[in-house]
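Single-letter residue listing:
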Number of protein chains: 4
Amino acid sequence: MIRVTVWYEYAQESGTLKEEFAEGIPQEIVEKFSSWLPQAAERIRSQYPDGLMGTLAGYLKKNPDFQVTYVNMYMPEFGLPDELLDNTDVLIYWAHVMHQAIPDSLAFKIVKRVQAGMGFIPLHSAHQSKPFTYLMGTSGSLSWREGDFCRIWTVAPAHPIARGIPEAVELCEEEMYGEPFDIPTPEETIFISWYGGGEVFRSGCTWKRGYGKIFYFQPGHETSPSYHNPYVLKIIENAVYWTAPTVWRKDFSCPNIVESPEKKRAEKG
Amino acid sequence: MIRVTVWYEYAQESGTLKEEFAEGIPQEIVEKFSSWLPQAAERIRSQYPDGLMGTLAGYLKKNPDFQVTYVNMYMPEFGLPDELLDNTDVLIYWAHVMHQAIPDSLAFKIVKRVQAGMGFIPLHSAHQSKPFTYLMGTSGSLSWREGDFCRIWTVAPAHPIARGIPEAVELCEEEMYGEPFDIPTPEETIFISWYGGGEVFRSGCTWKRGYGKIFYFQPGHETSPSYHNPYVLKIIENAVYWTAPTVWRKDFSCPNIVESPEKKRAEKG
Amino acid sequence: MIRVTVWYEYAQESGTLKEEFAEGIPQEIVEKFSSWLPQAAERIRSQYPDGLMGTLAGYLKKNPDFQVTYVNMYMPEFGLPDELLDNTDVLIYWAHVMHQAIPDSLAFKIVKRVQAGMGFIPLHSAHQSKPFTYLMGTSGSLSWREGDFCRIWTVAPAHPIARGIPEAVELCEEEMYGEPFDIPTPEETIFISWYGGGEVFRSGCTWKRGYGKIFYFQPGHETSPSYHNPYVLKIIENAVYWTAPTVWRKDFSCPNIVESPEKKRAEKG
Amino acid sequence: MIRVTVWYEYAQESGTLKEEFAEGIPQEIVEKFSSWLPQAAERIRSQYPDGLMGTLAGYLKKNPDFQVTYVNMYMPEFGLPDELLDNTDVLIYWAHVMHQAIPDSLAFKIVKRVQAGMGFIPLHSAHQSKPFTYLMGTSGSLSWREGDFCRIWTVAPAHPIARGIPEAVELCEEEMYGEPFDIPTPEETIFISWYGGGEVFRSGCTWKRGYGKIFYFQPGHETSPSYHNPYVLKIIENAVYWTAPTVWRKDFSCPNIVESPEKKRAEKG
C-alpha cells in the first residue's frame, strides 16, 4: 500500500485569498487576486466539477495499491501537518500563485522528507515552488503562454513511468512552458513536449535526492482539461509507483567513526 | 592551433557509387543508387556550389586557430589514412548512405583515437555511422521526414558551444529527425529542435569517452541550406574549440601494480 | 520468471586452450597458456568444487523467480547460440583471457540484444570484454594486482541493487582493480571498493543502452572465494531483478514519417 | 582577470565565538566552544602561520590571472556584503562549526549568485554548509574521523581540474571523510580518496546549477597541512579556472511569450 498525499494550493479553486496568506504576497498581487481568483474558480469548476486536484485524487483513489489523502493549503498547517507528512510515501504537489506564502520551515520539512525517501511529484506550475527549487538548487524559470496545443513525446519508452504510454500524447489545450527550463541536468528525460506556438520543453524529468525520487511533470494548467486525459493520469499513476520508497533513511547524523574499519579488522586478527 | 579534419562520405556529391564500396552495400541499394546519386549530386550543387562539406570546411578555414584538412571517403584509405587520423585533434564526420561500406577496422581506429583524446563531431545522418554508434553503444535510431521547418532551441545557454547563439535559431528547411533518439542519456543536452510537422529532437548533445569529447549536432541535410546559416556554422566552430583535446592518452595498457602504493609508502617510512 | 543465462569463458577451469580459439589469440599467449591454464584449473577447483560460475549459477538457481541456464564458451557457438540469446532476459558474463577469441559478430549480437532490452551483468575481468567495451564505447582499462584485501563501500544505499547489503562488505582476498577505470561516467555508482594495497575502484556501476540495463560488478577473481560471500551473491541476485527487462524493443528501423503528426491533426479537424 | 573571493568562517582561527553568532548556535555548543576554539586557534597557527585560508589566499594571489579578496565571517555582513558578492566570479568557501549562524538570506544570495554564473568551490567541512546543501538539495552527510592518511586518486585524468596532477596524491594527515556522501550523483567525479583507516570518499566532484559551476573538494582540515601540499593548491587553482563564468544570467523572470514564434514567423511570411 502506497500512502499518496495529493496537495493543492487551492487559492484559484476557492476563489478567495485566505487572509493569513496575504502577508507573504506582494500587495499588487493581492489586489490583482481579488478579481482574478473568483474568475479562475469559475473556469476551474466548469472544467473540473470535482476540482482540479480533486479529479486527480479521485482517479488515483481507484487504484487499490494506493491510500490517497487529498489536502489543500487552506487547511490548518497548510494542509501538511507533521503527522501527515511523516506518513506520506509519495507527495503530489500542485502550486502556482502562492509559492511565497509557504514558509521556509515547511518547504525544508518536505525537502528533508524527500531526502529520507519520500517520492515527490511536482506538477505543472510547481516548477517554481519552494520544495522543488530547494531540492533542485535552481530557479525553475521558463517561458510560458496560455492556451496552446501540446504534443508530449516519449523519449525514454522503456522507463517504468512511460509504461503503456504511446510515442506521442496530444493535449488539445495546455499552457505552453518553454525552454530554457532552469533545472539541473535531469538524470532521465522521459518526455519532451512540442507546442503549436513553436516551443519545446523537457516536460517529464527525474532526479534523486538522498533516498528520495522526484518526477516533475508539466501538464496541469488549471483551466485546461489535461487531468481528464487518460495518458496524463496514467503517467502520474506510473510515477507514484516509480517514486514510492523502498527504504527510508532514519539517521541523518554524520557519525564519528572513532575506531576505524582497519583497526577493527586488525583486532579480529 | 587545432588540427581539424572534415570528413565527408561524398557519394551523393560525386553522383556515382565508387565500385569498391558496392560490396559493402546491399544489392537493392546499389541499384537504387544508380539513379538516386546523380540527382542528389545535382541538388547539392545547386545548394552548395563549393560542396556540402566543402562549404563547412571553407568556413572553418577562415579561423586562424584552425588548421583544416578536408577529405572524403572516395580518397585512398577512405580519406582517413593513419597518418592523418594520428594528426587530427578534432574530426568532423558527415555520412549517410555509406555507413556499411566503412570497415570495422577504420571505425575502431576512430573510436580509439577519440578514447585517446580526439574531439569528434558527428553531423546529421552520422547518427547511424559506425564510429558514432560504436562510441555510444546504442543504435542511433530515430524517425525522419524530408523537408520541414526547424527551430533549434538553446536549452543550455551557458555552455561554451552555445556562445553567441540566440535562444532560438530558425532553419527554413531541414530534414526532420524525431524522438525517440536511441542514444545514451546525454551528459549535456545543449539544443532541442522543434519541427513544423510536430516532432521534437535532442539535436545538440555531448558525451565523453575516455579522454575524448563528442558533440552530435543534427542540422545538415545535403539538400537543405543549413550550412549557410551563420548560427549553425558558429555552433560547429564553438564545438571544435570545446571538443579540442587538452591532453592525450598514450598508454592503453592495464598496468600490473606489483608493488602496492602502501608497500612503497611503508618502505619510505 | 526471469530467464537468466550465466556465461563463462571457461578456459581456466577447463585447463586447456580449445584449439579453434588459438587463432584469435597471439602466439606468445597461446604458449603461456599451455602451462598457465592447468595451474589455474587446479586453483579454481580447490576454491570452487562446483566451478567458478557453476557456484554462482547454483546459487541463482535456488531463486524460484529465476530460470537459470549455465553455459560456457567451449560449447558449440561459444555457448551462446541465437536461440538461447533470444530467450535470455539477463545475461551474466564472466570472461578474462579469451576476449579476442569472441568474434565481433557474436559481440554485436549481444550488444543488440541489450539495446532491445536484455539486462547485462559483466563480472570482474569482463571489464575488457568485447560486449562490455562495445556497449560503453571505452577501453575498460584499469590497474590491477593479485591477492589483496577488499572492502566494498555502499555509496547508494537506497538503490535496489544495494537492498539488504550493509554499508561495507569485506572480502578477505580479491584481485585489486584500481582507478582510473576507463568507463563513461556511470549513471549510478552504487559501490566503491577500498583495497589494502592503497587503491580505490568504482566497483558497482550502472548504465542504460537502448531498452537494456547494465550493471558492472568487480568481485570474482577466479582463485578468490568471493562467490562464496553471501553479500556478493545477494548483490548479483539483486542486479538480476534490477536489470530484468520490462519491455522489449522489436523494431530497430528508422521510420520515415511521410505524413506528419500536424498534417494528421489538421485532417482530423 | 578572475575575481576570486576566499571566504572563511574564521571562528577556530580567531579563538573566540563572536557574540552575535552565539544565538544561531545551540547553547551546549556555545559552551563547548569556549574551551575548544582557543585550542583550535593554537593548533591552526602552528600549522598555518599565515592562517588556514590566508595560506590558500596567499597562494592564489601569486597568479596574475586572479584578483583575490580574502574575507571572513567575523567581518561586517559576515564578510560577504552585496557589493563584494556581486563582484565575485569564483567564491571559495570554508566553513565548519558556524553553518547555522549564517542566515538563510545570505545563503540564498550565494545560491542565486551561483545560478547567475558565479563559480563555487566549497572546501572540506563546507559539505554541510547552507550554500552547498541548498544548491545540492541533499544533506551533505558523511562519516568522519580525525587524523588519517589520505591518498587522492585521479579518476578523470583528462578533466581540466586534474591538469598537472599525478594519478595519486598522498596527504600524510587529513581528516577522514567516508561514504555514503549524501550528494546528488556528481556530473563528474574527478577524485576519489583512500584512507588508511579503510574508507573511500568521492573527494572531488562537479555539478552545474543554472549558469554556475560547482566543485567540491575534500582536503582542508584546519589542523592538517593539506594547504601546503602543492597538488592540493594546484587542484584548487585549476578549479578556479574551470568554475570561472564565461557568461552571466541577468534576467531570472519567467517571460510570458504572448506572441508565439510561429505567429511571428507567419507574419513575416
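Keep in mind that what you see is a predicted model, and the values were worked out from it rather than measured.

**Structural notes on the overall build of chain A**
Looking only at helices and strands, one finds eight helices and nine strands in chain A. Against the 2.2 N^0.38 benchmark of 18 Å for 269 residues, chain A shows a C-alpha radius of gyration of 20 Å, consistent with a compact globule. Along the three orthogonal principal directions, the C-alpha set of chain A runs to about 75 × 45 × 40 Å. Residue burial in chain A is summarised as follows: out of 269 residues, 62% are buried. Of the contacts made within chain A by residues no fewer than 6 positions apart, 74% connect residues no fewer than 24 positions apart. For chain A, the exposed surface amounts to about 9,700 Å²; the carbon and sulfur share of it is 51%. Side chains of chain A carry 25 positive and 34 negative charges; the gap between the two charge centres is 9 Å.

**Observations concerning the pattern of salt bridges**
The tally for this structure, following the rule as stated, stands at 60 salt bridges over all chains. Close ionic contact of B:Arg151 with B:Glu170 constitutes a salt bridge, the shortest N to O distance being 3.0 Å. Of this pair, B:Arg151 sits in strand β5 (residues 143–154) while B:Glu170 sits in strand β6 (residues 168–178); the two residues are 19 residues apart in sequence, bridging distant segments of the chain. Accessibility expressed as a relative area gives 1% for B:Arg151, which makes it buried. C:Arg265 is the salt-bridge partner of C:Glu262, the closest N and O atoms lying 2.9 Å from each other. Here C:Arg265 and C:Glu262 lie together in helix α8 (residues 261–268), a separation of three residues that amounts to about one turn. On the basis of relative accessible area, C:Glu262 is assigned to the buried category, the value being 16%. Residues joined by salt bridges that share partners form a network here, namely A:Arg151, A:Glu170, C:Glu262, C:Arg265 and C:Lys268.

**Some thoughts on the sheet that holds strand β4 (residues 119–123) of chain C**
Residue and element names in this part refer to chain C. The sheet built from nine strands is open, its strands ordered β2-β1-β3-β4-β9-β8-β7-β5-β6 with mixed pairing. At either end of the open sheet lies a strand with only one pairing partner, and these are β2 (66–72) and β6 (168–178). Strand-to-strand twist of the sheet, defined as the mean angle between neighbouring strand axes without regard to direction, takes the value 25°. By the bridge criterion, six bridges tie strand β8 (residues 200–209) to strand β9 (residues 212–217) in an arrangement that is antiparallel. Looking at the pairing, Lys208 lines up with Lys213 of β9.

**A few points about the nonpolar core**
Among the nonpolar cores identified, the biggest contains 82 residues, and B:Ile92, B:Leu123 and B:Phe191 are the most heavily contacted of them. Once residues within four sequence positions are removed from consideration, B:Ile92 is found in contact with B:Val4, B:Thr5, B:Val6, B:Trp7, B:Leu56, B:Leu60, B:Ile121, B:Leu123, B:Ile236 and B:Val240.

**Quick look at the relation of the copies chain C and chain A**
Between the two copies, chain C and chain A, the superposition gives an RMSD of 0.0 Å; the rotation angle is 180° and the shift along the axis is 0.0 Å. The transformation relating the two chain copies, once decomposed into turn and shift, fits a two-fold axis. The C-alpha atom lying nearest the rotation axis in chain C is that of C:Glu187; the distance is 3.8 Å. Comparing contact sets, 100% of the residues at the interface of chain C also lie at the interface in chain A, consistent with an isologous, same-surface contact.

**Considering the sheet that holds strand β5 (residues 143–154) of chain D**
All names here are of chain D. Taking strand neighbours across the sheet as the criterion, the nine strands line up as β2-β1-β3-β4-β9-β8-β7-β5-β6 in an open arrangement whose pairing is mixed. Each of the sheet's edge strands pairs with one partner strand only, and the pair in question is β2 (66–72) and β6 (168–178). Taking each pair of neighbouring strands and ignoring which way they run, the sheet shows an average axis angle of 25°. Sheet topology note: the strand β7 (residues 188–195)/strand β8 (residues 200–209) ladder contains six bridges and is antiparallel. Of the residues in β8, the one forming a bridge with Thr189 is Cys205.

**Regarding the side chain of C:Ser141**
Residue position: C:Ser141 is located in the loop between α6 (130–136) and β5 (143–154). Under the relative-accessibility criterion, C:Ser141 is labelled buried at 1%. Engagement of the side chain of C:Ser141 in a polar contact is seen with the side chain of B:Arg249, the distance being 2.7 Å. Dropping the residues within four chain positions of it, C:Ser141 is found in contact with B:Arg249, B:Phe252, B:Ser253, B:Cys254, C:Gln128, C:Pro180, C:Phe181 and C:Asp182.

**Observations regarding the pairing of β9(C)**
All names here are of chain C. With respect to burial, β9 is a largely interior element, five of its six residues being buried. Across two bridges, the pairing between β4 and β9 is parallel. Looking across to β9, one finds that Leu123 is bridged to Phe217. The turn linking β8 back onto β9 is made up of two residues, and Gly210 within it adopts a positive phi angle of 65°.

**Details of the interface of chain C and chain A**
Across the boundary between the two partners, chain C contributes 17 residues, which contact 17 residues of chain A. When chain C packs against chain A, close to 1,500 Å² is buried across both sides, 56% of that on carbon and sulfur atoms. Of all residues in chain C, C:Ala158, C:Tyr211 and C:Arg265 give up the largest surface area on contact with chain A, accounting jointly for 27% of the area buried on that side. Counting every contact that joins chain C to chain A gives six salt bridges. For C:Arg151, the salt bridge goes to A:Glu262, with nearest N and O atoms at 2.6 Å. Sorting the residues of the side of chain C that touches chain A by element identifies β5, β7 (188–195) and α8 of chain C as the ones contributing at least two each. In terms of residue class, the side of chain C that touches chain A is made up of eight nonpolar, one polar and eight charged.

**So, the relation of the copies chain D and chain A**
If you rotate chain D by 180° and push it 0.0 Å along the axis, it lands on chain A with an RMSD of 0.0 Å. Comparing contact sets, 100% of the residues at the interface of chain D also lie at the interface in chain A, consistent with an isologous, same-surface contact.

**Considering the environment of B:Ile25**
Residues and elements named next belong to chain B. Relative to the helices and strands, Ile25 resides in the loop between α1 (11–14) and α2 (27–47). The spatial distance from the C-alpha of Ile25 to the C-alpha of Ala101 is 6.4 Å, given a sequence separation of 76 residues. Dropping the residues within four chain positions of it, Ile25 is found in contact with Leu17, Val30, Phe33, Val97, Met98 and Ala101.

**Things to note about the interface of chain D and chain A**
In this complex, chain D contributes 37 residues to the contact, which on the side of chain A involves 37 residues. Buried area between chain D and chain A, both sides added, is near 2,800 Å², and the carbon and sulfur share of it is 53%. In this structure, A:Arg249 and D:Asp182 form a salt bridge, with 3.4 Å as the shortest nitrogen-oxygen distance. The tally of links between chain D and chain A comes to 20 residue pairs in polar contact (both at pLDDT 80 or more). Listing elements by their share of the side of chain D that touches chain A, those giving two or more residues are α5 (104–116), α6 (130–136), β5 and α8 (261–268) of chain D. A per-element tally of the side of chain D that touches chain A places α5(D) first, with four residues. Split by residue class, the side of chain D that touches chain A holds 15 nonpolar, 15 polar and seven charged.

**Things to note about the packing of helix α3 (residues 52–61) of chain D against helix α7 (residues 230–243) of chain D**
Residues and elements named next belong to chain D. For the pair α3 and α7, interaxial distance at closest approach is 11 Å and the crossing angle is 65°. Handedness of the α3/α7 crossing: right-handed. The segment α3 lies against α7, with Leu56, Tyr59 and Leu60 engaging Leu233, Lys234, Ile236 and Glu237.

**Digging into the confidence of the model for chain A**
On average, residues of chain A score 96 in pLDDT, and 100% of them reach the 70 mark or higher. Here the predicted complex scores 0.98 on pTM and 0.97 on ipTM.

**A look at the side chain of B:Thr206**
Residue and element names in this part refer to chain B. Positionally, Thr206 belongs in strand β8 (residues 200–209). Residue classification places Thr206 among the buried residues on the basis of a relative accessible area of 0%. Among the polar contacts listed, one links the side chain of Thr206 to the side chain of Glu188, at a separation of 2.8 Å. If we ignore the near neighbours within four places in the chain, the residues touching Thr206 are His159, Ile161, Pro186, Glu187, Glu188, Ile190, Ile214, Phe215 and Trp242.

**Things to note about unusual backbone geometry**
Residue and element names in this part refer to chain B. Cis geometry is adopted by the peptide bond preceding Pro180, which originates at Glu179 and carries an omega value of 0°. Relative to the helices and strands, Pro180 is located in the loop between β6 and β7 (188–195). The phi dihedral of Tyr10 is positive, around 75°, even though this residue is not glycine. Structurally, the position occupied by Tyr10 is in the loop between β1 (2–8) and α1. Relative accessible area serves as the criterion here: at 24%, Tyr10 is assigned to the partly exposed category. Positive phi outside glycine occurs at Phe78, with the angle close to 60°. Within the secondary structure, Phe78 sits in the loop between β2 (66–72) and α4 (82–85).

The rules behind these values
Residues numbered from 1 in each chain as written. Chains lettered and ligands numbered in written order. Predicted model: local features only at pLDDT ≥ 70, side-chain atom pairs only at ≥ 80, totals over all residues. Heavy atoms only, no water. Helix = DSSP H or I, 4+ residues; strand = E, 2+ residues; numbered from the N terminus. Rg over C-alpha atoms; globule rule 2.2 N^0.38 Å. Buried < 20%, exposed > 50% of the residue type's maximum accessible area, 1.4 Å probe, protein only. Contact = heavy atoms within 4.5 Å. Areas by Shrake-Rupley, 256 points an atom, 1.4 Å probe, with all protein chains shown as cover. Lys, Arg positive; Asp, Glu negative; His and termini not counted. Charge placed at Lys NZ, Arg CZ, Asp CG, Glu CD. Salt bridge = Lys/Arg side-chain N within 4 Å of Asp/Glu carboxyl O. Pairing = 2+ DSSP bridges. Axes fitted to C-alpha atoms, helices over the stretch in contact; angles between N-to-C directions. Core = buried A, V, L, I, M, F, W, Y, C linked by side-chain atoms within 4.5 Å. Least-squares fit on C-alpha atoms with pLDDT ≥ 70 in both. Polar contact = N/O pair within 3.5 Å; in protein donor to acceptor, adjacent residues only side chain to side chain. Buried area = accessible area lost by both parts, 1.4 Å probe. Nonpolar A, V, L, I, M, F, W, Y, C, P; charged D, E, K, R; others polar. Left-handed = near helix turned anticlockwise from the far one by under 90°. pLDDT = per-residue confidence, 0-100.

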